[in-house]
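# Architecture and fold: a report
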Amino acid sequence: MTTLRRWSAAVLLATQVLVSACSGAQTPQMALKEAVEDYTRSMRWGFVEKAGAHIPDNLRAAWIRQRRIAQSMVTVHEYDIRAVEHVVGTEKARVIVLAVWSRPSDPVAHNEMLAQEWRYRDRNWWMITQYPVKADDPGQEPLKPTDAL
C-alpha cells in the first residue's frame, strides 16, 4: 500500500469516527445521566410538561395532571440528585433525590428524600415510580448526629 493510500485510509477512518461521535450515538449510561438531569432540572423549576417527557406514554397525561395540581399547592426550593445507582449493562436504575419544599401558607421548609425507579426501554430511560425514603426503614440502624461528621 502506498503512502498516499495509507494517508487516505487514515483520513477516512478519522472522518468516520468523528461523524459517528457527532451523530448522537449514545450509551445507555450517557442517556441515563441526561434523562435524570433533565427530569430533575425540569421538576426544580416547575416545568412539569418537560419533565413528563421522561414518563412512559401510558402514564404521562395522568402524571402531568397530578403534578400540576400538587405544584399549585407548594413551592419547590430545591430538587437535587443525591445518588444514581446503576449497574452497567442492566436496564434498571435507582435515583435518590432531595426535595425541599414549602406551602405558601406555611413558611416551614420540608426536606423529603425520594427514591425513583428508572427503566431503559426503546433506547430511552423512563422514570417509572417515585416514593419517599424513610429513615426508619427496616434494616437501618438509628443514626447519631456524629455519624454525619
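So, here is what we can say about the structure in this document. (Residues numbered from 1 in each chain as written. Predicted model: local features only at pLDDT ≥ 70, side-chain atom pairs only at ≥ 80, totals over all residues. Heavy atoms only, no water.)

## Focus on the side chain of R67
Positionally, R67 belongs in helix 4 (residues 57-71). In this structure, R67 is buried with no salt-bridge partner, the nearest side chain bearing the opposite charge being E112 at 10 Å. If near-sequence neighbours (up to four positions away) are discounted, R67 is found in contact with M43, V48 and Q130. (Helix = DSSP H or I, 4+ residues; strand = E, 2+ residues; numbered from the N terminus. Buried < 20%, exposed > 50% of the residue type's maximum accessible area, 1.4 Å probe, protein only. Lys, Arg positive; Asp, Glu negative; His and termini not counted. Salt bridge = Lys/Arg side-chain N within 4 Å of Asp/Glu carboxyl O. Contact = heavy atoms within 4.5 Å.)

## So, the sheet that holds strand 3 (residues 106-121)
Across a sheet, strands are paired by hydrogen bonds formed along the backbone, either parallel or antiparallel in direction. Pairing is antiparallel in the open sheet, where four strands are placed in the order 1-2-3-4. Two strands in the sheet have a free side with no partner beyond their single neighbour: strand 1 (75-86) and strand 4 (124-132). Taking each pair of neighbouring strands and ignoring which way they run, the sheet shows an average axis angle of 25°. Two strands pair when backbone bridges link them, and strand 3 and strand 4 are joined in this way by eight bridges, in the antiparallel orientation. Paired with L114 across the strands is P132, a residue of strand 4. Here helix 2 (residues 28-44) sits on the sheet in contact with strand 1, strand 2 (92-103), strand 3 and strand 4, set at roughly 165° to strand 1. (Pairing = 2+ DSSP bridges. Axes fitted to C-alpha atoms, helices over the stretch in contact; angles between N-to-C directions.)

Just geometry here; none of it tells us what the structure is for.
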